[in-house]
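What follows is the residue order along each chain.
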Amino acid sequence: MAVCHEAPPNRQRSFIVVAYAATSPRAFGPVSMPDRCVEEMGGVVLATPCHIVVSHWRGRSTGPCFPICVAKCVTHNRAFTLYPPSHIPYGRVGVAPVALDGETLVHVRDDAPPESEAGVRPPSTGTAAGTESPPLSWETTFLAAACDAAEDKPWSRDDGPLWWQTQRRRIVRGAKLFGIDAGLSDAARDIHAGELEMAALALRDDARDWSRASGYQSRGAVVIHAMGGLPRGRCVLDRVLVAGALTGLWGRPYRWEPRRGQLRDLLAERQRPP
Ligand SMILES: [Zn+2]
């Protein structure tokens, strides 16, 4: 497993994602509180509701750049953070192209150069020819590193949030997320493609291109091509969270569904046989 200071394997842990909404002009909070917690070690959703209250608000100097809610389960005397969609423990930026309310974000930039100028193969949009929809807004996530790389925009050589070493690490994390790095066999990659609802053969091609790519620009281009094949839809967040958990990038994700009143174990749902 690749070691990265942004998600050290020995610090991975389960986490709960909750949709956030504005509570005042400059503050955000969960749209509702989950009705139960998860078992601290086993990550098991408890069968009966707990008494959950707001414990405090934790400031963040990185994304999301507003205080996020730390909940407390009075029943089991434990505290846990409620992460807004796209954000993960120890994460500095979002991991999925979704808004705070969980809605999918699509690409709105109109100043991007044509892909051919950046040396990128045209990405699959996950739609039939002639019915292309705007691509997902990955530039709002850690994969902005790959977007910039593909356009030959190296990050700064000086230490900082956009440091070139960070850019390279995030490109590698992107390859890992989509299962195109060397860590997976073709068979395992096909299963991973199924988790992401992506075309298995396309990911095999991307994996082959990744193995041949040298330099940050070509590697960024391969990652961009892979992420272009992720279908849009309300489940984008769930698919990305599951893919990252399965490839060891972050811990086990749970998502609170206010309308269903259900704390969902995303990994268990995906691994359940049909
Ligand atoms: Zn509890």
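Predicted model, so just to flag it, every value in this text is computed and none were measured.

Visitor: Talk me through the sheet that holds strand E4 (residues 52–58); I want residue IDs and the actual numbers.
Guide: Read across the open sheet, the 6 strands follow the order E4-E5-E6-E1-E7-E8; overall the sheet is mixed. A single partner strand is all that each edge strand has here, and the edge strands are E4 and strand E8 (262–265). Mean inter-strand twist for the sheet, computed between neighbouring axes without regard to direction, equals 35 degrees.

Visitor: A description of the pairing of strand E7 (residues 253–257) should follow, citing residues and the corresponding values.
Guide: E7 sits mainly inside the fold: 4 of its 5 residues count as buried. Strand direction decides the pairing type here: strand E1 (residues 15–17) and E7, joined by 3 bridges, are parallel. Bridge pairing in E7 places phenylalanine 15 opposite proline 253. Of the strand pairs in this sheet, E7 and E8 are connected by 4 bridges, and their pairing is antiparallel. Considered in E8, the bridge of arginine 255 is made with arginine 264. Between the end of E7 and the start of E8, which pair antiparallel, lie 4 residues, with glycine 261 showing a positive phi angle near 60 degrees.

Visitor: Now, about unusual backbone geometry: what can you tell me, with residues and values included?
Guide: Phi is positive for tyrosine 90, close to 65 degrees, though the residue is something other than glycine. Considering the arrangement of structural elements, one finds tyrosine 90 in the loop between strand E6 (78–83) and helix H1 (144–150). When the 16 C-beta atoms within 10 Å are taken as the criterion, tyrosine 90 is described as partly exposed. One non-glycine residue, aspartate 152, adopts positive backbone phi at about 55 degrees. Relative to the elements of secondary structure, aspartate 152 occurs in the loop between H1 and helix H2 (164–177).

Visitor: Summarise the nonpolar core; cite the residues concerned and give the values.
Guide: The biggest cluster of nonpolar side chains holds 60 residues, and the ones touching the most others in it are Ile16, Leu143, Ala146, Phe178, Ile180, Val223 and Met227. A domain-level breakdown of this core finds at least three residues from each of domain 1 (13–93 + 252–271) and domain 2 (115–123 + 135–227). Leave out the neighbours within four places in its chain, and isoleucine 180 touches Ala175, Leu203, Asp206, Ala207, Trp210, Val222 and Ala226.

Visitor: Describe the pairing of strand E2 (residues 20–24), listing the residues and the values that go with them.
Guide: As paired elements, E2 and strand E3 (residues 27–30) share 4 bridges and run antiparallel to each other. What sits directly across from alanine 21, in E3, is glycine 29. Two successive antiparallel strands, E2 and E3, enclose a turn made up of 2 residues.

Visitor: A description of the packing of H2 against helix H5 (residues 216–227) should follow, citing residues and the corresponding values.
Guide: At a minimum axis separation of 9 Å, H2 and H5 run at an interaxial angle of 35 degrees. Read as a crossing pair, H2 and H5 show a hand that is left-handed. Along the contact surface, H2 presents Gln167, Arg168, Ile171, Gly174 and Ala175, while H5 presents Tyr216, Arg219, Gly220 and Val223. Along the lines of polarity and charge, the residues of the contact of H2 with H5 split into 4 nonpolar, 3 polar and 2 charged.

Visitor: Got a sec to walk through the environment of alanine 150? Specific residues and values, please.
Guide: Here alanine 150 lies in helix H1. Residue classification places alanine 150 among the buried positions, given that 24 C-beta atoms sit within 10 Å.

Basis of the calculations
- Residues numbered from 1 in each chain as written.
- Predicted model: local features only at pLDDT ≥ 70, side-chain atom pairs only at ≥ 80, totals over all residues.
- Pairing = 2+ DSSP bridges.
- Helix = DSSP H or I, 4+ residues; strand = E, 2+ residues; numbered from the N terminus.
- Axes fitted to C-alpha atoms, helices over the stretch in contact; angles between N-to-C directions.
- Buried ≥ 20, exposed ≤ 12 C-beta atoms within 10 Å, placed from the backbone.
- Core = buried A, V, L, I, M, F, W, Y, C linked by C-beta atoms within 7 Å.
- Domains from an automatic or database assignment.
- Contact = placed C-beta atoms within 7 Å.
- Left-handed = near helix turned anticlockwise from the far one by under 90°.
- Nonpolar A, V, L, I, M, F, W, Y, C, P; charged D, E, K, R; others polar.

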